[in-house]
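Survey of secondary and tertiary structure
This is what each chain is made of:
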Amino acid sequence: MKAVTILGSTGSIGVSTLDVLARHPDKFRVFALTANGSVDTMLQQCQQYRPNYAVMLDHDAATKLERRLAQTECQTQVLAGEEALQQVASSDETDYVVAAIVGAAGLLPTLAAARSGKRILLANKEALVMSGALFMREVIHNQATLLPVDSEHNAIWQCMPVAGEQRYEFEGKGVRRIILTASGGPFRDADLASLEHVTPEQAVAHPNWSMGQKISVDSATMMNKGLEVIEAHWLFGLQSSQIDVVLHRQSIIHSMVDYDDGSVLAQMGNPDMRTPIANTLAWPERIDSGVEPLDLVAAGRLDFAKADFERFPCLDLAYQALDAGGTSTAILNAANEVAVAAFLARQIKFTDIAKVIDQVLNKLPSNQADSLEQVLADDAAARRLAVELTA
Ligand code: NAD
Ligand code: MG
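Description of the structure in this document. (Residues numbered from 1 in each chain as written. Chains lettered and ligands numbered in written order. Predicted model: local features only at pLDDT ≥ 70, side-chain atom pairs only at ≥ 80, totals over all residues. Heavy atoms only, no water.)

**Points about the packing of aromatic side chains**
Working definition: an aromatic ring pair is given by the centre-to-centre distance plus the angle between the planes. All chains considered together, the criterion is met by six aromatic pairs. Between phenylalanine 309 and tyrosine 319 the ring centres are 6.2 Å apart and the planes differ by 45°, which places this aromatic pair in the tilted class. Here phenylalanine 309 is found in the loop between β12 (305-306) and α13 (313-324), whereas its partner tyrosine 319 is found in helix α13, with ten residues between them in sequence. Taking the relative accessible area as the measure of exposure, tyrosine 319 reaches 14% and is therefore buried. Aromatic pair phenylalanine 343 and phenylalanine 350: ring centres 5.6 Å apart, planes at 65°, arrangement edge-to-face. Grouping residues by exposure puts phenylalanine 343 and phenylalanine 350 together as buried. Following the ring pairs from residue to residue traces out a cluster consisting of Phe187, Phe343 and Phe350. (Phe/Tyr/Trp six-rings, centres within 6.5 Å; stacked < 30°, edge-to-face > 60°. Helix = DSSP H or I, 4+ residues; strand = E, 2+ residues; numbered from the N terminus. Buried < 20%, exposed > 50% of the residue type's maximum accessible area, 1.4 Å probe, protein only.)

Here it is, written out as structure tokens:
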């Protein structure tokens, strides 16, 4: 029986994780659930999954949750604040930590899990984008097990050379490159001139996946794929020239590994995050995820096209930040978070997102990313500048 903590249990990945856990009460129990402020969803999750702890980042939300739980039979203890997130992520009583907080807010609790040697199921790609070198060092030093939930990285991981070994090493394994697939989001066929007038409602309506708001906008700009290129660099130790992106509108092939002998291994499945979640929960075994079997005949065809930097300038910016190194990727990530929030608040246009990030990257120096203080300082500086540019 493994005890599981879900950081960000009320979000899209959190809810999908609980759905998989509920199918296997003999294998998993919930140790802690955490959320920003959604009291109603957390109350319902506590009653259904009976975690030892529920953590709300927001103190008022924690007080409300505590009051409402007191009127039920549920014994869950409520904690509040950032330190409590780190506490449940590193507790001796938890075996697995699902990192499903959105954005930079996920970094410190996920690092706490790495420092305590947990099995980390990583959805929160922003943690690696901000501080990949530091993060991977903590994982290795503390013998944590880092398993990718992001569907592309999970696919790559499943297509790696030798199943079951320390699986992040591509060096000397005959791998030519990896190919990340991208759906292209809702505007892959839109007239380029029309992108300026895109609304938040249109941007979050993803054709293939159902996800949180921020990652949905990232998918529409393809910054999501850019963040994934950086994530792949850190997870698999590959250079940017070995990480390709191809548009694949059906989202059935989740990514591929291209070997020296010409073999290209792909992982396929319906676009449903319960597959990579179940894969990382059960690894090295396989369990039912609740996902429908793939019907290839119904799918009919698999299309591929070039990912075009003119349509998707954010993808270009992410490659540039990766090549610049240091804290550039933390700056990129922070500027993107602010720009996306400003777009969702209707302060800036869809096409301004890339412009804001570009300006922030150009104005701020990149520093060595060898300390957490430096990463957090450059993250904060990028946010301040991006806020100015979007005001
Ligand atoms: P979401 O917005 O649906 O959920 C985010 C969760 O984080 C919620 O539980 C929320 O309460 C919590 N949260 C938000 N801000 C917080 C803060 N400041 N402090 C503490 N908790 C906070 O997001 P999502 O779509 O589930 O995505 C979560 C992460 O997984 C992201 O990093 C995303 O890139 C990654 N991811 C998501 C998908 C997907 O299909 N949704 C796929 C791959 C990767
Ligand atoms: Mg992904």
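Here the narrative resumes.
**Overview of the sheet that holds strand β6 (residues 119-122)**
Think of a sheet as strands paired side by side through backbone hydrogen bonds, with each pair either parallel or antiparallel. As summarised here, the arrangement of the seven strands in space is β4-β3-β2-β1-β5-β6-β7, forming an open sheet in which the pairing is parallel. The sheet is open, and its two borders are formed by β4 (77-80) and β7 (145-148), each paired with just one other strand. On average, adjacent strands in this sheet sit at an angle of 20° to one another, irrespective of strand direction. Pairing analysis gives four bridges linking strand β5 (residues 96-99) to β6, with the strands arranged parallel. Bridge assignment links valine 98 to a residue of β6, and that residue is leucine 121. (Pairing = 2+ DSSP bridges. Axes fitted to C-alpha atoms, helices over the stretch in contact; angles between N-to-C directions.)

**Observations concerning the sheet that holds strand β8 (residues 175-182)**
The strand order across the open sheet built from five strands is β11-β10-β8-β9-β12, with neighbouring strands paired in mixed fashion. Lying at the two open borders of the sheet, with one neighbouring strand each, are β11 (264-268) and β12. As paired strands, strand β10 (residues 253-259) and β11 are joined by five bridges and run antiparallel to one another. Residue pairing across strands places aspartate 258 opposite valine 264, the latter belonging to β11. The strands touched by helix α10 (residues 223-236) within the sheet are β8 and β9 (243-247), with β8 carrying the most contacts at an inclination of about 150°. (Contact = heavy atoms within 4.5 Å.)

**What to know about the environment of glycine 132**
If you trace the backbone, glycine 132 turns up in helix α6 (residues 125-141). When its relative accessible area of 2% is taken as the criterion, glycine 132 is described as buried. A sequence separation of 103 residues divides glycine 132 from leucine 235, and the C-alpha atoms of the two residues are 8.2 Å apart. With near-sequence residues (within four places) excluded, glycine 132 lies in contact with Ala127 and Trp234.

**A short note on the pattern of salt bridges**
If charged atoms from side chains of opposite charge come close, those side chains can pair. Counted under the stated rule, the structure contains 21 salt bridges. Measuring nitrogen to oxygen at the nearest pair gives 3.0 Å for the salt bridge that ties aspartate 19 to arginine 23. On the basis of relative accessible area, arginine 23 is assigned to the partly exposed category, the value being 37%. Residues aspartate 303 and arginine 301 are paired through a salt bridge, measuring 2.6 Å at the closest nitrogen-oxygen approach. Judged by relative accessible area, which is 21%, aspartate 303 ranks as partly exposed. In this structure, a network of salt bridges that share partners links the residues Lys125, Asp150, Glu152, Lys225 and Glu228. (Salt bridge = Lys/Arg side-chain N within 4 Å of Asp/Glu carboxyl O.)

Note that every value here comes from positions in space, so none of it alone points to a role or purpose.
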